Amino acid sequence: MELTIRQGLTQGLSRTSDAPRNSETFSALAGAKATPYGFAPYVSLPNPLAKWMTAAGVEVSWPFPQLHRGQQATLLFGEAEVYLVDETEWTGTALEFHDLYDTTYTYAVQAGGGAWHIVDLGDPVLAFNDKNVLLMYAQAGVYYGQQRVTAKTGCAFRGRVLLGGFDVGEGAFWNAEWQAIAELLNEHHQAGALAMAHNAVWWSMFGAVDVLWLFWPILALYGPAGLGPELVGNRTLAYGKEDPDSWVLGGDGAWDDGVIVCAGEQCAEQALLLEAGATYVVGYEIRNHKDGAFFVRLGGAEGAHRTKDGYYWEELVFGGTPSLYLCGTANLSCSVTNITARKVVQTGYGLTRPFIADMLERGDGGAYPMPWQGRTLAVRALDTVAVAYCEDGVAALVPHTDPPTFGYRRLVDQRGQSPRGLASRGAVGGDEYTHVFVDRSGSLWRLTDAGLEWLDYRWLLSGLEDVVVAYDPVEHEFYIGGARDGTNAAYVLTETGMAQSPQSVTSIVVVGGQSSGIAVQAGPGGFRAVTETLDMGTRLMKTVTEVELGLSSGSNTMTVTVEYKTSREDTVWARSSPVALRGKGVAHLVVSGVEFRVVIEAQSASVEIDYIKLAWRLDGKVSAKHLLGGA
């Protein structure tokens with residue numbers, strides 16, 4: 001008699017740990033992929049930067065680096081460094097970042113932020129993780145970083161930008177500048193308080209002209225084209241009564257030496273290149289205020305006196321000495337920080353009529369909390385909707401045009417079941433047509449415009465940390481990688497099934513129509529497959545006499561071993577000696593038992609198999625009569 005396994009080779013690894021007997025699927029499969037035609041060889045992704053990375057000392061350490069091939073630039077993201085890639089030679093140049101709020105200072109990319117999420121608008125490219133927000137203009141060669149206003153994920157969606165993963169503790173998101181804008185809106189427009197939740201998703205105006213507002217709040221006052229270059233930023237200046245004759249500069253930055261004293265007032269001076277008759281907006285934050293008054297001067301123009309903590313903007317027309325003065329009365333004690341001075345180059349908007357007020361009145365742009373307490377970990381575009389992957393669930397964000405806003409719906413599969421949140425920030429991959437993701441239980445899911453499908457594989461993926469899902473759009477395959485107990489583990493999901501991968505893939509790009517990527521080793525080479533339990537449909541004793549493999553390649557180094565149990569009470573599998581294949585892929589052996597598992601191994605991973613056939617016989621006449629329905 002014969003038992004042929006064919007369909008199971010397309011499915012590969014079992015979806016559950018308790019697969020039924022004779023299910024045809026496999027409890028182990030490494031060194032090959034499960035394809036519609038059976039087992040196909042696993043081919044490592046080429047790394048076009050491999051030679052340069054070795055020479056430059058750029059190490060591969062999960063889940064870094066990540067390669068991004070964008071609309072106008074190719075970038076390589078390490079844990080705490082970013083490289084601009086030259087594709088003519090496939091080399092990289094380390095980028096130097098500047099503080100977004102004071103471009104005279106460098107910005108050090110912070111390690112420990114985890115996988116990067118990219119919003120590619122051509123120019124700029126935005127990159128987010130748990131520690132950094134980066135803003136990159138590759139065409140101009142200008143690169144910024146900041147940590148003051150946090151977002152940790154985002155995507156481009158139909159002409160808008162969606163962001164999530166906000167820190168909203170005291171001063172963490174709606175910082176002093178944003179609070180000042182809220183006060184202006186309430187004073188002039190009764191617009192109500194600006195609100196943001198840690199589980200919210202924010203969407204920009206169409207065209208994403210307001211994408212920088214969240215990080216550079218002053219743009220919300222004058223619009224994206226309403227201001228000239230920043231002149232001063234992120235300075236701290238402290239004044240103490242114990243030293244009433246001078247300002248004391250704290251932190252970095254240098255104001256001109258000397259103190260200007262005028263009628264009992266003391267001022268520190270910063271020389272600027274100003275244009276006579278032009279309007280400038282000066283912003284500053286007062287902290288730890290005690291007694292006296294603080295005010296600014298721009299040349300001869302003097303701003304309002306301030307006597308309490310807060311962030312303030314002053315619109316001043318320059319008409320005198322080309323300097324910015326920070327002034328205080330003699331009995332003042334306070335510190336001043338986040339000082340900016342910018343030229344207003346566009347009329348129509350300002351402190352009494354902020355640009356953001358028009359946007360709020362139109363309903364163009366906004367934010368909405370997701371229906372769970374957990375943070376939003378990833379936002380991805382999927383055909384006609386965007387998808388918010390959160391700590392506690394997954395929701396589709398559905399755009400509306402009148403008014404221009406978004407609604408949401410919780411995602412459920414055909415069973416009415418929902419994913420249990422996202423395993424980690426990197427645990428979703430795909431393109432605008434298909435997503436695959438790992439939830440917090442370790443279940444694997446596929447999401448398309450046709451709906452949500454539960455794939456499971458919890459027995460493989462549960463407990464993985466730092467999960468990253470990378471998508472190969474050429475082969476339509478997903479690489480799922482992570483770490484368990486300090487060891488890398490990786491899998492590859494094809495259109496029909498799953499297999500263990502020898503590589504943990506951090507990222508995949510398409511170059512010249514071919515897939516390339518960055519990967520780390522996640523297991524030994526070679527090929528190994530182990531079937532699930534087989535009993536041929538009977539619990540009687542039987543003997544396997546031959547195992548035949550439908551091979552296209554790989555027979556020279558391949559062996560077959562049969563694991564067996566002789567009774568249902570056995571808890572440990574016995575194991576035959578390995579037998580090398582002979583002839584046209586046949587292994588001859590004699591193994592008796594009630595249950596069997598076939599183990600196929602090869603030193604080479606270049607294996608193609610489209611069926612496995614077992615020849616077997618029942619042991620004894622009583623067994624044969626029983627099988628045929630006799631007494």
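A brief report on the enclosed structure follows. (Residues numbered from 1 in each chain as written. Predicted model: local features only at pLDDT ≥ 70, side-chain atom pairs only at ≥ 80, totals over all residues. Heavy atoms only, no water.)

Quick notes on helix 5 (residues 355–362)
Taken residue by residue, helix 5 has F355, I356, A357, D358 and M359 as its buried positions. Where helix 5 terminates, the next one or two residues include G363, which has phi positive at roughly 75°. (Buried < 20%, exposed > 50% of the residue type's maximum accessible area, 1.4 Å probe, protein only. Helix = DSSP H or I, 4+ residues; strand = E, 2+ residues; numbered from the N terminus.)

A closer look at unusual backbone geometry
The omega torsion of the bond from W62 to P63 falls at 0°, within 30 degrees of zero and hence cis. For P63, the position within the fold is in the loop between helix 2 (50–56) and strand 5 (66–69). Following D123, the chain continues to P124 via a peptide bond in cis, the omega torsion being 20°. With respect to the element layout, P124 can be found in the loop between strand 11 (117–120) and strand 12 (125–128). Here W90, not a glycine, exhibits a phi torsion of approximately 55°, which is positive. Although it is not a glycine, R158 sits at a positive phi angle of roughly 50°. Locating R158 in the fold gives a position in the loop between strand 15 (153–157) and strand 16 (160–164).

A word on the state of the cysteines
Taken as a whole, this structure holds one disulfide when the rule is applied. Disulfide partner of C267: C327, at an S-S distance of 2.1 Å. Handedness of the C267-C327 disulfide follows from its S-S torsion of about 115°: it is right-handed. Separated by 60 residues along the polypeptide, C267 in strand 22 (residues 265–271) and C327 in strand 27 (residues 323–329) bring together distant segments of the chain. The class of C267 is buried, set by a relative accessible area of 2%. The class for C327 is buried, based on a relative accessible area of 0%. Looking at the unpaired C155, the closest cysteine sulfur is the one in C390, lying at 12 Å. The exposure class assigned to C155 is buried, which follows from its relative accessible area of 6%. Since its relative accessible area comes to 0%, C390 is described here as buried. (Disulfide = S-S within 2.5 Å.)

As for the sheet that holds strand 5
Strand order in the open sheet made by the four strands is 5-6-7-8, with antiparallel pairing throughout. Edge positions in the sheet fall to strand 5 and strand 8 (91–94), since each of these pairs with one other strand and no more. Strand-to-strand twist of the sheet, defined as the mean angle between neighbouring strand axes without regard to direction, takes the value 30°. When strand 5 meets strand 6 (residues 74–77), the two strands line up antiparallel, connected through four bridges. Bridging across to strand 6, Q66 finds its partner in F77. (Pairing = 2+ DSSP bridges. Axes fitted to C-alpha atoms, helices over the stretch in contact; angles between N-to-C directions.)

Let's talk about the pattern of salt bridges
As enumerated under the stated definition, the model contains 23 salt bridges in all. When the shortest N-O distance is used, the salt bridge between R440 and D392 registers 3.1 Å. With a gap of 48 residues between them, R440 in the loop between strand 35 (434–438) and strand 36 (444–448) and D392 in the loop between strand 31 (385–390) and strand 32 (394–401) connect regions that are remote in the sequence. The class of R440 is exposed, set by a relative accessible area of 54%. Because the salt bridges share partners, they merge into one network encompassing D130, K152, D167, R375 and R425. (Salt bridge = Lys/Arg side-chain N within 4 Å of Asp/Glu carboxyl O.)

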